[in-house]
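Architecture at a glance
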Amino acid sequence: MGQLDNQAEAQGGNNPQAAQDALKALTEQLQNLKESLILELNQEVTQLQSQKSSLSADIEQLRSQYRDLQSQQQVQQLAEVLASHLQEQLRQQIISSGTGSAQLPSSYNDNAYRLLSSLDSTLSTTLKTLQQDISSYQSALSQQLGRMHSLEQQGEAILEALVSRIKFQLQQNTQPKTIGPMEQPSPRPAVQPATAPTAAPTQPSNFVTGVTLILISSLMFSLQNVIVRVILRKQTIFGLTELGGFISASPGNSLLILAMRMLFVAPIMAFIVAPWRYSNTWRDIKQLGNREQRGRLLSVIGSGFFLFVSQFFIYIALGNIPAGVATTIFFIYPTVTILLAWLIFKDKPTFLLILATVSIYIGGFLTIPNLTAGAKGNYTLGAITAIVSGIAFAIYVILIKVSKMHPIPFSVVNFTTILFLSAFVLPFGSFVPSLAYKVDPKMWPTLWIGALVLTVTSLVGYLLNNIGVPMIGPALASVVGASGPALTVVLALLIINEKLTLLQVLGVVLVTVWVLGISVENTKPKPPAQPARR
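Residues numbered from 1 in each chain as written. Predicted model: local features only at pLDDT ≥ 70, side-chain atom pairs only at ≥ 80, totals over all residues. Heavy atoms only, no water.

Notes on the overall build of the protein chain
Each helix and strand counted, the protein chain has 15 helices and two strands in total. When each of the 534 residues of the protein chain is scored for burial, the buried share is 46%. When contacts within the protein chain are restricted to residue pairs at least 6 apart in sequence, those whose partners lie at least 24 apart make up 87%. Summed over its atoms, the accessible surface of the protein chain is roughly 26,400 Å², and 65% of this surface lies on carbon and sulfur atoms. (Helix = DSSP H or I, 4+ residues; strand = E, 2+ residues; numbered from the N terminus. Buried < 20%, exposed > 50% of the residue type's maximum accessible area, 1.4 Å probe, protein only. Contact = heavy atoms within 4.5 Å. Areas by Shrake-Rupley, 256 points an atom, 1.4 Å probe, with all protein chains shown as cover.)

Spelled out as structure tokens, the structure:
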């Protein structure tokens with residue numbers, strides 16, 4: 001199952017090594033900057049909302065005060081009317097008293113005038129005080145409204161500036177990810193070295209070590225295919241003894257092997273390997289629960305679903321046709337990826353990629369299993385399931401590009417998804433006979449040993465690939481990883497003496513050469529105007 005676990009990782013770069021490493025470091029820095037900007041934006045929004053609530057309370061208080069002032073104005077008007085009315089009544093009484101009795105002392109008129117003057121003075125003072133209070137309240141209200149308007153303008157300006165910066169950083173962050181139709185971020189990719197010098201991959205010792213690690217990683221994943229073949233079909237090991245065929249080659253048994261393998265791989269990857277290689281693994285996974293990450297969560301889970309489908313069908317194919325043939329047919333996935341990238345991302349393929357696509361299909365046709373001499377199994381089922389596996393893997397690769405997530409937490413979610421899907425589908429064997437697994441009780445210990453061997457090869461291949469890619473870059477790693485069909489054929493020949501016909505060997509060579517050609521084509525820089533046309 002090597003290529004299913006490793007090929008996306010091998011199809012990475014599109015620029016020379018130094019530029020690729022610099023791009024990796026820049027991408028991680030931009031990702032961190034984007035997260036800090038989002039956090040800063042959330043803090044600013046929270047602060048502005050708090051200020052808005054405070055201002056709303058102040059406005060409500062001022063409105064209450066304004067209503068009180070209006071009531072005071074009404075009282076002032078009423079007092080003015082009462083004073084005028086009282087003054088008029090006093091004046092009439094004085095006149096009436098003066099005409100009715102000429103004998104009243106003149107001091108009576110003086111007292112009346114003094115009373116009126118005092119009352120008029122008191123009312124005037126009260127009215128002036130009320131008028132001053134009203135003016136003061138109006139001034140305070142105007143100042144508060146002005147402050148509120150100013151704060152709102154400042155908040156809008158801050159939000160607009162933050163949104164503009166985030167958009168700019170996102171554009172800068174996403175532009176390098178649309179370089180070519182076959183650029184494939186890995187589900188278990190190279191860790192992006194934040195502090196390693198970019199010139200390190202050019203050192204001869206690191207380069208040789210990196211190529212060696214990637215080659216051994218590819219051998220581990222090719223070895224998985226041979227091991228699955230042995231588990232499902234009895235084989236002659238190294239021409240000495242017969243071994244294998246622990247369970248029959250059926251869809252249910254293939255699903256069982258996948259579930260047993262993931263039962264070990266998923267927890268080890270989640271709790272040991274991932275935190276060791278990338279310390280922010282669980283932080284990134286938790287962020288998938290945020291509402292704004294809903295689209296990324298769906299794309300990551302969807303990629304895990306299609307990886308599950310791809311592995312399930314390639315296991316069925318390995319139980320029915322030779323391992324080298326199944327792997328070669330599976331390698332139609334780069335051509336499907338090119339077509340999907342053309343349809344979805346508008347990455348129009350070059351003439352070389354079109355020629356490679358046609359050549360790969362011809363090579364896959366030459367390896368049709370019914371030409372296999374002495375092979376056992378359902379050839380038609382094996383060929384169809386290998387094709388379906390390649391198509392599902394191509395969709396998985398496209399979803400990797402859509403998710404734009406760090407590859408290590410991406411792998412954790414993928415493996416966990418495969419484990420849960422396997423555990424969910426297995427019980428349906430009671431209702432769907434084709435999905436029912438059948439194991440001789442005596443074979444369970446041997447079957448668990450086989451699952452452990454598959455786990456070791458998976459994790460060793462993953463770690464070697466993860467360490468080796470930063471040394472040589474994903475572009476060259478994809479070229480080395482493209483040798484998967486040829487490596488599987490060689491291992492199958494050496495270990496289980498699985499021989500192919502001349503036409504099949506020709507098909508394997510044709511597919512391998514053109515997959516290498518696609519990988520080399522993706523290492524060439526694209527014209528700078530190309531992204532602008534998308």
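A look at the pattern of salt bridges
Scanning the model with the defined rule gives two salt bridges in all. For Asp284, the salt bridge is made with Arg283, and the minimal N-O distance between the two is 2.9 Å. By relative accessible area, Asp284 is classed as buried at 9%. Overall, the relative accessible area of 30% leaves Arg283 in the partly exposed class. (Salt bridge = Lys/Arg side-chain N within 4 Å of Asp/Glu carboxyl O.)

Here we look at the nonpolar core
Ranked by internal contacts, the top residues of the largest apolar core, which has 79 residues, are Ile231, Met269, Phe308 and Tyr315. Excluding residues within four positions of it along the chain, Ile231 makes contact with Gly245, Phe246, Ile247, Ile257, Leu447, Gly450 and Leu454. Formed by seven residues, the second largest nonpolar core is a distinct cluster that contains Val226, Ala492, Ile495 and Ile496. (Core = buried A, V, L, I, M, F, W, Y, C linked by side-chain atoms within 4.5 Å.)

Considerations on the packing of helix α8 (residues 323-330) against helix α14 (residues 484-496)
Where α8 contacts α14, the axes come no closer than 8 Å and their chain directions differ by 175°. It follows from the interaxial angle that α8 and α14 lie roughly antiparallel. When α8 is examined against α14, the residues Ala323, Gly324, Thr327 and Thr328 are found in contact with a partner set consisting of Gly484, Pro485, Thr488 and Val489. (Axes fitted to C-alpha atoms, helices over the stretch in contact; angles between N-to-C directions. Parallel < 35°, antiparallel > 145°, perpendicular 65-115°, else oblique.)

Focus on a nonpolar patch on the surface
On the surface, Phe424, Phe428, Phe431 and Val432 cluster together into a nonpolar patch covering about 430 Å² of accessible area. For Phe428, the location among the structural elements is in the loop between α12 (407-425) and α13 (444-481). Under the relative-accessibility criterion, Phe428 is labelled partly exposed at 36%. (Patch = residues over 30% accessible without salt bridge, like charges linked within 9 Å, V, L, I, M, F, W, Y side chains within 5 Å.)

Observations regarding the packing of aromatic side chains
The full count for this structure, using the stated rule, is 15 aromatic pairs. Centroid distance Phe264 to Trp448: 5.9 Å. Interplanar angle 85°. Geometry classified as edge-to-face. A residue pair is termed long-range when its members are at least 10 positions apart, and Phe264 in helix α5 (residues 251-277) and Trp448 in helix α13 qualify at 184 residues. Relative to Tyr396, the ring of Phe393 lies with its centre 5.1 Å away and its plane at 45°, an arrangement referred to as tilted. Of this pair, Phe393 and Tyr396 are both found in helix α11 (residues 379-403), three residues apart, which corresponds to roughly one turn of the helix. Accessibility expressed as a relative area gives 0% for Phe393, which makes it buried. A network of ring pairs unites the aromatic residues Phe330, Phe331, Tyr333, Phe393, Tyr396 and Phe410 as a single cluster. The residue whose ring lies beneath Arg277 is Trp276, and the NZ or CZ to ring-centre distance is 5.3 Å. (Phe/Tyr/Trp six-rings, centres within 6.5 Å; stacked < 30°, edge-to-face > 60°. Lys NZ or Arg CZ within 6 Å of the ring centre and 35° of its normal.)

Some thoughts on the side chain of Thr357
Secondary-structure assignment places Thr357 in helix α10 (residues 351-366). Those residues within four positions of Thr357 in sequence are excluded, and the remaining contacts are Thr335 and Ile338.

Notes on α14
With 13 residues, α14 ought to run about 18 Å at 1.5 Å a step, and its terminal C-alpha atoms sit 17 Å apart, in line with that. Those residues of α14 that sit buried are Gly484, Pro485, Leu487, Thr488, Val489, Leu491, Ala492, Ile495 and Ile496. Positive phi appears at Asn497, one or two residues downstream of α14, with a value of about 55°. (Expected span 1.5 Å × (residues − 1).)

Brief notes about the packing of helix α9 (residues 333-345) against α10
Packing of α9 against α10 leaves a shortest axis separation of 9 Å and a crossing angle of 140°. The orientation of α9 with respect to α10, classified from their angle, is oblique. Pair α9 / α10 crosses with left-handed handedness. Judged by residue contacts, Thr335, Val336, Ile338 and Leu339 of α9 engage Leu353, Thr357, Ile360 and Tyr361 from α10. Looking at side-chain class alone, the contact of α9 with α10 contains six nonpolar, two polar and no charged residues. (Left-handed = near helix turned anticlockwise from the far one by under 90°. Nonpolar A, V, L, I, M, F, W, Y, C, P; charged D, E, K, R; others polar.)

Topic: the pairing of strand β1 (residues 234-237)
Of the two faces of β1, only one is covered, namely that formed by Gln235 and Ile237; the face formed by Lys234 and Thr236 stays uncovered. Examined bridge by bridge, β1 and strand β2 (residues 241-244) share four bridges and lie antiparallel to one another. From the neighbouring strand, Ile237 faces β2, where its bridge partner is Thr241. (Pairing = 2+ DSSP bridges.)

Brief notes about the confidence of the model for the protein chain
Per-chain confidence: the protein chain averages 77 in pLDDT, with 76% of residues scoring 70 or above. The spread of mean pLDDT over the elements of the protein chain runs between helix α1 (residues 2-10), the lowest at 49, and α5, the highest at 94. Ignoring residues within four places in sequence, the model shows residues 100-104, a span with pLDDT below 50, making one contact including any to other chains. With pLDDT under 50 throughout, residues 174-202 is counted as low confidence; its partners more than four residues away or in other chains account for 92 contacts. (pLDDT = per-residue confidence, 0-100.)

Quick notes on the environment of Val508
Position of Val508 among the secondary structure elements: in helix α15 (residues 502-522). Considered as a pair, Val508 and Val489 are 19 residues apart in the sequence and their alpha carbons are 8.2 Å apart. Beyond its immediate sequence surroundings of up to four residues, Val508 is in contact with Thr328, Thr367, Pro485, Ala486, Val489 and Leu500.

Some thoughts on unusual backbone geometry
A positive phi is found at Phe238, a non-glycine position, where the angle reads about 55°. Tracing the chain through its elements places Phe238 in the loop between β1 and β2. Of note, the phi angle at Lys404 is positive, near 55°, even though the residue is not glycine. Its place among the elements puts Lys404 in the loop between α11 and α12.

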